[in-house]
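Examining the three-dimensional arrangement
Each chain is listed here by its residues.
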Amino acid sequence: MTIQTFFIYLFIMAVSTYLIRVIPFVLVRKQIDNRFIRSFLHYIPYAVLTAMTIPAIFTATSSVISACVGFIIAVILALRNKSLTVVALVSCLSVYLTELIISFF
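Residues numbered from 1 in each chain as written. Predicted model: local features only at pLDDT ≥ 70, side-chain atom pairs only at ≥ 80, totals over all residues. Heavy atoms only, no water.

Overview of the packing of aromatic side chains
Within the structure shown, the criterion is met by three aromatic pairs. Taking the centre distance of 6.4 Å and the plane angle of 50° together, the rings of Y43 and Y46 count as tilted. One end of the pair is Y43 and the other is Y46, both in helix α2 (residues 35–59) and three residues apart, which spans about a single turn. Summarising the burial analysis for this pair, Y43 and Y46 share the class exposed. Ring geometry for F58 versus F71: centroids 5.5 Å apart, planes at 55°, classification tilted. Here F58, found in helix α2, pairs with F71, found in helix α3 (residues 64–79); they are 13 residues apart in sequence, far enough to count as distant. (Phe/Tyr/Trp six-rings, centres within 6.5 Å; stacked < 30°, edge-to-face > 60°. Helix = DSSP H or I, 4+ residues; strand = E, 2+ residues; numbered from the N terminus. Buried < 20%, exposed > 50% of the residue type's maximum accessible area, 1.4 Å probe, protein only.)

Looking at unusual backbone geometry
Phi is positive for N81, close to 60°, though the residue is something other than glycine. Within the secondary structure, N81 sits in the loop between α3 and α4 (84–104). Residue classification places N81 among the exposed positions, given a relative accessible area of 70%.

A short note on α3
A rise of 1.5 Å per residue sets the reference length of α3, with its 16 residues, at 22 Å; its end C-alpha atoms lie 22 Å apart and thus fit the reference within 8%. For α3, every residue scored as buried is listed here: S66, A67, G70, A74 and L77. The buried residues of α3 all sit within an arc of 100° when viewed along its axis, so they share a single face. Opposite the buried face of α3, at more than 90 degrees from it, the exposed residues are V64, I65 and L79. In the core, the buried residues of α3 are packed alongside α2 and α4. For α3, the N-terminal cap is S63; the gap from its side-chain oxygen to the backbone nitrogen of I65 is 3.2 Å. Looking at the residues trailing α3, positive phi occurs at N81, about 60°. (Expected span 1.5 Å × (residues − 1). Arc of directions from axis to C-beta. Contact = heavy atoms within 4.5 Å. Polar contact = N/O pair within 3.5 Å; in protein donor to acceptor, adjacent residues only side chain to side chain.)

Let's talk about the packing of α3 against α4
Relative orientation of the contacting elements α3 and α4 amounts to 155°, with a least axis distance of 8 Å. Overall, the two elements α3 and α4 adopt an arrangement that is roughly antiparallel. As for how α3 packs across α4, the hand of that crossing is right-handed. Contacts between α3 and α4 pair I65, S66, V69, G70, I73, A74, L77 and A78 from the former with V86, V87, V90, S91, S94, V95, T98, E99 and I102 from the latter. Classifying every residue of the contact of α3 with α4 by side-chain character gives eleven nonpolar, five polar and one charged. (Axes fitted to C-alpha atoms, helices over the stretch in contact; angles between N-to-C directions. Parallel < 35°, antiparallel > 145°, perpendicular 65-115°, else oblique. Left-handed = near helix turned anticlockwise from the far one by under 90°. Nonpolar A, V, L, I, M, F, W, Y, C, P; charged D, E, K, R; others polar.)

Structural data, given as structure tokens:
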């Protein structure tokens, strides 16, 4: 890739990112009062993050079994209101131990 191509790609990326952030401010001038739209906009970041994270969970390990174990442990700990650090550490440890057990068989 030449330096000229790189800067063209960089410019296109910057413009598209800028437009995505500016268009809502230009189109919506007053505060949104509709409860449905406000709640919809409130949950969009969580839905997008979930849609990006869940497939990665099942493809990040060498076994789907260990991925399922880690996912189930993470969901159980999250439902018990444990901190993000505890959920991440314990689920990673459970995936590691499951992969270790699977490697023996």
